[in-house]
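Close look at the chain arrangement
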Amino acid sequence: MARVISAGIQSIIEDLYGRTGYKDVGISHSGFMDHYTARLLNKVLGNDLNEAGIEIAGGGFALEFEEESVIAYGGSTIEGYVNDIQIPPYEAVHVEAGDVFRTGKMLPTTRGFRTYLMMTGGMDAQEYLGSKATAVYGSFGGFDGRKLKKGDQLAPGAVTDKNRDSIGCRIKSEYIPEMTDTWEFHAMPGPDAAPDFITDEGMEQIYQSEYKAQMFCDRAGIRLKGPKPIWNPDRAAAGGHPSNITDHGYPGPGGINVSGDTLIMFPVEAPTCGGLICAISVVYADVWKMGQIFPGRDKIRFIYATQEDANELRRRQNLIFEGDGCIERK
């Protein structure tokens, strides 16, 4: 067992795949915001890539272990400590009963926003519709369907010989994601793009502009500040705001919604449908970056991508996790 000493802003239990196949009944995907970091940490521990772990927004988290475990953390540049001794990220570290893992706090120099803590064998958590992921807005899965709080008792997986063999292993530096304050996202046009909704010039503007994340950022949406969209004049003349359409399914995670004249990025707990357009869609290989956008500060740019680009980027990313080529021993 392990006991939460400090839960920070929002610390929740998530897994990789979340819930798929339920959008038609209004249930969003959930799962890790930063799926790439989470996979790396499970990989270095010898876990199944879908094992559940803890997603920590903004730091300030502390967990006391009541039994032996092997852990790994990574994501934002916030430091991690065991018994106040700093430990390296993306490395399998042995902890014993009584040891305390904690993260540092956000600083002006912090890059990224979410830190992930994985433990050997994953975590025992409440499954709902085939996933342990916490659905924050549905209040199910994970730990009683809510964020963790001080005093919660968690159940890490049992330590096996395979997990002990991972102690001292780490992810090779070339595979560790770079944390920044300016993020680039490959994105395909549509499903509601030119010429019916936004002009060709308007689509070019989206791909050439720099946007800034507003403070309104969470697992459901990341509002962006940037230039006003250039609407198809026929839609602008039809009455009502041109972003309004008949309700339809939203692409996601990854859709870029346009509400009024504001672009909103759709992460893992975005609405499943609505009556506003989605002008572009971020490819899956880049969706993880949404989890590391620092609210109110970071900048965002979109890079034009085709379906072929999306497939190739995902194929190359998935290859990282085949075999043990991304792991080295100190």
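Small disclaimer: the values here were computed from a predicted structure and weren't measured.

This next bit is on helix H3 (residues 200-208). Within H3, burial applies to Gly202, Met203, Ile206 and Tyr207. One side of H3 holds all its buried residues, which, seen down the axis, span an arc of 140°. Of the residues in H3, the exposed ones pointing more than 90 degrees away from the buried face are Asp200, Glu201 and Gln208. Among the structural elements, strand S14 (182-189), strand S15 (211-217), strand S19 (262-265), strand S20 (273-282) and strand S21 (299-304) are those in contact with the buried residues of H3.

The subject of this paragraph is the pairing of strand S18 (residues 255-259). Summarising burial for S18: four of the five residues are buried, a large majority. The pairing of S18 with S20 spans four bridges and is antiparallel. When the bridges of S20 are listed, glycine 255 appears paired with serine 281. Pairing analysis gives four bridges linking S18 to S19, with the strands arranged antiparallel.

On the basis of which strands lie adjacent, the open sheet formed by seven strands has the order S7-S6-S9-S4-S1-S12-S11 and antiparallel pairing. Looking at the sheet topology across the chains shown, the edges are occupied by strand S7 (85-87) and strand S11 (123-124).

Here we come to the sheet that holds strand S10 (residues 114-119). As summarised here, the arrangement of the five strands in space is S2-S3-S10-S5-S8, forming an open sheet in which the pairing is antiparallel. Pairing within the sheet leaves two strands with one partner each, and these edge strands are strand S2 (10-14) and strand S8 (93-95). Neighbour-to-neighbour, the strand axes of this sheet turn through a mean angle of 30°, independent of strand direction. Here S2 pairs with strand S3 (residues 53-57) via five bridges, running antiparallel. Within S3, the residue paired with isoleucine 13 across the bridge is isoleucine 54.

A word on the layout of surface pockets. Of the pockets and cavities examined, the largest pocket occupies roughly 400 Å³. Residue lining of the largest pocket: 24 residues in total, with Gly252, Pro253, Tyr284, Val287 and Arg314 positioned closest to the centre. Per-element tally for the lining of the largest pocket: the top contributor is helix H6 (residues 307-319), with four residues. Of the residues belonging to the lining of the largest pocket, the class tally is 13 nonpolar, 10 polar and one charged. Within this model, the second largest pocket holds a volume of roughly 330 Å³. Lining the second largest pocket are 15 residues; nearest its centre among them are Ala285, Asp286, Trp288, Leu313 and Gln317. Of all the secondary structure elements, the ones that give two or more residues to the lining of the second largest pocket are helix H5 (284-287) and H6.

Turning our eyes to something else, we now look at unusual backbone geometry. Of note, the bond from glycine 190 into proline 191 is cis; its omega dihedral lies within 30 degrees of zero at 15°. Unusually for a residue other than glycine, leucine 129 sits at a positive phi of about 50°. Considering the arrangement of structural elements, one finds leucine 129 in the loop between S11 and strand S12 (153-156). You can call leucine 129 partly exposed: its relative accessible area is 33%. A positive phi angle, near 60°, is found at serine 139, a position not held by glycine. For serine 139, the position within the fold is in the loop between S11 and S12.

A word on H6. For H6, which comprises 13 residues, the first-to-last C-alpha distance of 18 Å matches the rise-based estimate of 18 Å (1.5 Å per residue) to within 8%. Along H6, the positions that sit buried rather than exposed are Ala310, Leu313 and Gln317. For H6, the arc enclosing every buried residue in end-on projection is 70°, short of the 170-degree limit, so these residues lie on one face. The elements touched by buried residues of H6 are helix H1 (35-45), S14 and H5.

Another aspect to go through is the packing of aromatic side chains. According to the stated counting rule, one finds 11 aromatic pairs in the structure shown. Seen in terms of ring centroids, phenylalanine 32 and tyrosine 116 are 5.7 Å apart; in terms of plane orientation they differ by 80°. Their pairing is edge-to-face. With phenylalanine 32 in the loop between S2 and H1 and tyrosine 116 in strand S10, this pair connects stretches of sequence that are 84 residues apart. Of the two residues, phenylalanine 32 and tyrosine 116, neither departs from the other in class, the shared state being buried. Judged by centre distance (5.7 Å) and plane angle (40°), the rings of tyrosine 36 and tryptophan 288 are tilted. Linking tyrosine 36 in helix H1 with tryptophan 288 in the loop between H5 and S21, this pair joins segments that are 252 residues apart in sequence. Classification of tyrosine 36 as buried rests on a relative accessible area of 7%. By relative accessible area, which is 8% here, tryptophan 288 ends up buried. Put simply, the rings of Tyr36, Trp183, Trp288 and Phe321 touch in pairs and so form one group of aromatic residues. Positioned above the aromatic ring of phenylalanine 185 is the side chain of lysine 289, whose terminal nitrogen or guanidinium carbon lies 6.0 Å from the ring centre. In this structure, arginine 314 is placed above the aromatic ring of tyrosine 284, and the distance from its NZ or CZ to the ring centre is 3.9 Å.

Rules used throughout
Residues numbered from 1 in each chain as written. Predicted model: local features only at pLDDT ≥ 70, side-chain atom pairs only at ≥ 80, totals over all residues. Heavy atoms only, no water. Buried < 20%, exposed > 50% of the residue type's maximum accessible area, 1.4 Å probe, protein only. Helix = DSSP H or I, 4+ residues; strand = E, 2+ residues; numbered from the N terminus. Arc of directions from axis to C-beta. Contact = heavy atoms within 4.5 Å. Pairing = 2+ DSSP bridges. Axes fitted to C-alpha atoms, helices over the stretch in contact; angles between N-to-C directions. 1 Å grid on protein atoms, 1.4 Å probe; cavity = no way out; pocket = protein on both sides within 12 Å on 5 of 7 lines; lining within 4 Å. Points joined across faces, edges and corners; volume = space filled by probe spheres on them. Nonpolar A, V, L, I, M, F, W, Y, C, P; charged D, E, K, R; others polar. Expected span 1.5 Å × (residues − 1). Phe/Tyr/Trp six-rings, centres within 6.5 Å; stacked < 30°, edge-to-face > 60°. Lys NZ or Arg CZ within 6 Å of the ring centre and 35° of its normal.

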